[in-house]
Amino acid sequence: MYKISKKSEYFLYKYLNAYSPTGNEVDAQKIWMKYIEQYSDSIETDNYGTVVGVINKKNTFKIVIEAHVDEMTWYVNYITDDGIIYVARNGRTDHQIAHSKRVNIHTKNGIIDGLFVGPAIHTRKITPTFIDIGASNKKEVENLGVNVGCMVTYPDDFFIMNNKYFVGRALDNKIGGFIIAEVMRLIKEKKVVLPYGLYVINSVQEEGAISNNINPNIAIITDVCHDTSTPMIEKKINGDVKCGLGPVINYSPSIHNNLREQIIFIANKNNLSFQRLVSPIWTDAYYNNGVISALISIPIRYMNTTVEMANKKDIENCIHLMFEILKNIDINENFKYL
């Protein structure tokens, strides 16, 4: 059974702590790319920063495993004459967690410290949120290098809680990037000979647009889903999924039934626990291009916050499962329904 090593855990620590706001994921991608270089035959990138590690590029049959690296952040949207900064969402950032948090404003001059704040509770009727960087006026803000369009991130670092939970910002979906990097490492270190080309993709902006250039036969996507055992989540609507019970195999019109059943067979054969979830709205660029695709998710708690939680055992089981899938998937199988 696969176990996360201290070396791999250190890579995860650096990778999760690196900034990767949607539209500017370069810092995290550099760390991810350096890690997989030693396990890849070659590295490819696209114009927007997607990184691909390739094994057996000459093979005509191609399999993709993919995650996305972007994290939910903010844009500077408006600066008042008094030097107060208002923001716009960059992705599905949760405004409810913002009040009273420290932030980093990314400028050409470097990072500027700021505070997400609002009026004291006994002076307000609503809860506006804005950023204060200690400036007296707009000119002072601009002299620090802050302008409309600067990205705003949270400085919260990754940590391990109760010896079993990985906690931090951007587990959605950097944890998927960690998983696919570890799968690639296992393939190389265990000298597994694959009868196909493998493309390990860490994509930006949650998209698989690079698939148009690769044209894979099969794509297996890793992402996150909600742990529905926490308070205030309706299981009748969101399904019954819990951290610690294994990775989640998804059901959707976009997901290829025969590939999914092969994944389930491999999981059962290797005594790997897993959960099931209906994801009716899930789509992907691969499916849209007619590629045979499936989705395996890691359940997390408190998605789109700075304290997203994932169970270490689920991650280890997912890495083991994906490794076994890539070793045993039958590329000669006729996946067509008709």
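Just above, that's the structure.
Here the structure is a predicted model, which means the values were calculated and not measured. (Residues numbered from 1 in each chain as written. Predicted model: local features only at pLDDT ≥ 70, side-chain atom pairs only at ≥ 80, totals over all residues. Heavy atoms only, no water.)

Points about the pattern of salt bridges
So the rule is basically this: We define a salt bridge as a side-chain nitrogen of Lys or Arg found within 4 Å of a carboxyl oxygen belonging to Asp or Glu. Helical segments are the DSSP runs of H or I of at least four residues, strand segments are the runs of E of at least two, and each set is numbered from the N terminus. Each residue is assigned to one of three classes by its accessible area relative to the maximum for its type, calculated with a 1.4 Å probe on protein chains only: buried under 20%, partly exposed between the two thresholds, exposed over 50%.
The full count for this structure, using the stated rule, is 13 salt bridges. As a salt-bridge pair, Lys-188 and Asp-41 come within 2.9 Å of each other at their nearest N and O atoms. One end of the pair, Lys-188, is in helix H4 (residues 171-189); the other, Asp-41, is in the loop between helix H2 (26-37) and strand E1 (42-45), and 147 residues separate them in sequence. By relative accessible area, which is 32% here, Lys-188 ends up partly exposed. Judged by relative accessible area, which is 45%, Asp-41 ranks as partly exposed.

Observations regarding H4
In an α-helix, one turn spans 3.6 residues; hence positions three or four apart end up facing the same way. Applied cut-off: Given the number of residues in a helix, its expected span is that number minus one, multiplied by 1.5 Å.
Spanning 19 residues, H4 covers 26 Å between terminal C-alpha atoms, matching the ideal 27 Å at 1.5 Å per step. H4 sits mainly inside the fold: 17 of its 19 residues count as buried. Looking at the residues trailing H4, positive phi occurs at Lys-191, about 55 degrees.

Section: helix H7 (residues 257-269)
The condition that has to hold: Contact definition: two residues touch when any of their heavy atoms are within 4.5 Å.
Its 13 residues give H7 an end-to-end C-alpha distance of 18 Å, which sits within 8% of 18 Å, the value for a rise of 1.5 Å per residue. Three or more residues of H7 are buried, namely Leu-259, Arg-260, Gln-262, Ile-263, Ile-264, Ile-266 and Ala-267. Next to the buried residues of H7 lie strand E13 (218-226), strand E14 (248-251), strand E15 (275-278), strand E16 (292-301) and helix H9 (312-328). Once H7 finishes, Asn-271 follows within two positions and takes phi at roughly 55 degrees, a positive value.

Comments concerning the packing of aromatic side chains
Just so we agree on the cut-off: Classification of ring pairs rests on two measures: the distance between centres of Phe, Tyr or Trp rings, Trp counted by its six-membered ring, which must be within 6.5 Å, and the angle between planes, read as stacked under 30 degrees, edge-to-face over 60 and tilted in between.
Evaluation of the coordinates by the stated rule reveals 10 aromatic pairs. Where Tyr-13 meets Phe-158, the ring centres are 6.2 Å apart and the plane angle is 65 degrees; that geometry is what we call edge-to-face. Of this pair, Tyr-13 sits in helix H1 (residues 6-17) while Phe-158 is found in the loop between strand E9 (151-153) and strand E10 (159-161), placing the two residues 145 residues apart along the sequence. Judged by relative accessible area, which is 35%, Tyr-13 ranks as partly exposed. For the pair Phe-158 and Phe-166, a centre-to-centre distance of 5.4 Å together with 75 degrees between the ring planes defines the contact as edge-to-face. Using a relative accessible area of 8% as the deciding quantity, one classes Phe-158 as buried.

Quick notes on the sheet that holds strand E4 (residues 73-79)
The criterion, for reference: Note on pairing: DSSP must find at least two bridges between two strands before they are called paired. Helix axes are fitted only over the stretch in contact, all axes being lines through C-alpha atoms; the angle between N-to-C directions runs from 0 to 180 degrees.
One closed barrel holds the six strands; their spatial order is E4-E5-E8-E7-E6-E9, and the pairing between them is antiparallel. Recorded for the sheet is a direction-independent mean angle of 45 degrees between the axes of neighbouring strands. Relative to E9, E4 runs antiparallel, the two being bridged by two bridges. Its bridge partner being in E9, Trp-74 is matched across the sheet by Val-152.

Some words on the packing of H7 against H9
For the record, the criterion: Should an angle fall under 35 degrees it is taken as roughly parallel, and over 145 as roughly antiparallel, whereas 65 to 115 is taken as roughly perpendicular and any remaining angle as oblique. Left-handed describes a crossing in which the near helix is turned anticlockwise from the far one by less than a right angle; the clockwise case is right-handed.
At a closest axis distance of 10 Å, the pairing of H7 and H9 adopts a crossing angle of 115 degrees. Classified by the angle their axes make, H7 and H9 are roughly perpendicular. You can see that H7 and H9 cross each other, and the crossing is right-handed. Residues Gln-262, Ile-263, Ile-266 and Ala-267 of H7 touch H9, and the partners they reach there are Leu-321, Glu-324, Ile-325 and Asn-328.

Focus on unusual backbone geometry
The peptide bond linking Asp-172 to Asn-173 adopts the cis configuration, its omega dihedral lying at 0 degrees. Here Asn-173 lies in helix H4. The phi dihedral of Asn-162 falls on the positive side, at around 55 degrees, and the residue is not glycine. Relative to the assigned elements, Asn-162 resides in the loop between E10 and strand E11 (165-168). In this model, Lys-191 sits at a positive phi of 55 degrees, which is unusual for a non-glycine residue. Structurally, the position occupied by Lys-191 is in the loop between H4 and strand E12 (197-203). A residue is classified by how much of its surface remains accessible, and Lys-191, at 69% relative accessible area, is exposed.

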